[in-house]
Amino acid sequence: MANHKSSVKRIRQDKKKALHNHYYAKTMRNAVRKLRAMTNKEEAVALYPKVQKMLDKLAKTNVIHKNKAANLKSSLAMHINKLG
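Sequence order as written defines residue numbering, which begins from 1 separately in each chain. Given that this is a predicted model, residues contribute local features only at a pLDDT of at least 70 and side-chain atom pairs are listed and counted only at 80 or more, while totals for whole chains, interfaces and linings are drawn from all residues. To obtain the side-chain values, all non-hydrogen atoms of the structure were included, while hydrogens and water were left out.

Section: the nonpolar core
- Among buried residues, those of type Ala, Val, Leu, Ile, Met, Phe, Trp, Tyr and Cys that are joined through side-chain atoms within 4.5 Å constitute a nonpolar core. A simple rule labels every residue: compare its accessible area, found with a 1.4 Å probe on the protein chains alone, to the largest value its type can have, and call it buried under 20%, exposed over 50%, or partly exposed in between. Membership of the largest hydrophobic core comes to 18 residues, with the highest contact counts inside it found for Met 28, Leu 35, Val 51, Leu 55, Ile 64 and Leu 76.
- Helix and strand definitions here come from DSSP, where helices need a minimum of 4 consecutive H or I residues and strands a minimum of 2 consecutive E residues; each element is numbered from the N-terminal end. Elements that contribute at least two residues to this core include exactly helix 1 (5-37), helix 2 (41-60) and helix 3 (66-82).
- Looking at which element gives the most residues to this core, the answer is helix 2, with 7 residues.
- Beyond its immediate stretch of four places on either side in the chain, Met 28 contacts Met 54, Leu 55, Leu 58, Ile 64 and Leu 72. Residues count as neighbours in contact if any of their non-hydrogen atoms are within 4.5 Å of one another.

A short note on the packing of aromatic side chains
- Pairs were defined over the aromatic rings of Phe, Tyr and Trp, the Trp ring being its six-membered one, requiring ring centres within 6.5 Å. Orientation was assigned from the angle between planes: stacked under 30 degrees, edge-to-face over 60, tilted for the rest. The tally for this structure, following the rule as stated, stands at 1 aromatic pair.
- When the ring of Tyr 23 is compared with that of Tyr 24, the centres are 4.9 Å apart and the planes differ by 80 degrees; the resulting orientation is edge-to-face.

Notes on the environment of Val 51
- Note on placement: Val 51 falls in helix 2.
- Each C-alpha atom, one on Val 51 and one on Arg 29, is 9.8 Å from the other, the two residues being 22 residues apart in sequence.
- Here Val 51 is in contact with Ala 31, Val 32, Leu 35 and Leu 76, once residues within four sequence places are set aside.

Describing the side chain of Lys 73
- You can see Lys 73 is positioned in helix 3.
- Residue classification places Lys 73 among the buried residues on the basis of a relative accessible area of 19%.
- Setting aside its immediate chain neighbours within four residues, Lys 73 contacts Tyr 48, Gln 52, Leu 55 and Asp 56.

A word on the confidence of the model for the protein chain
- The predictor rates its confidence in each residue with pLDDT, a number between 0 and 100. Chain-level pLDDT for the protein chain is 95 on average; 99% of the residues reach the 70-or-more range.
- Within the protein chain, the lowest mean pLDDT, 95, falls on helix 1, and the highest, 97, falls on helix 3.

Listed below in structure tokens is the structure:
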């Protein structure tokens, strides 16, 4: 166990942040999964800006890497363009 008050506090904060980040990362994965499962182009086009905004916010706060966000946005855009 940690011997300093500051390290005990840091452990406590890290647990809280990890739980917070896990929630938002899971929400993002579900949104991406939902968008990839869509077959209607109009619905996918309507949902894409919301998912894109979510990815940008998570990349900005370092929940996910900025390149991962860029790769996901690119692949989702290609998926939407392929829909008929």
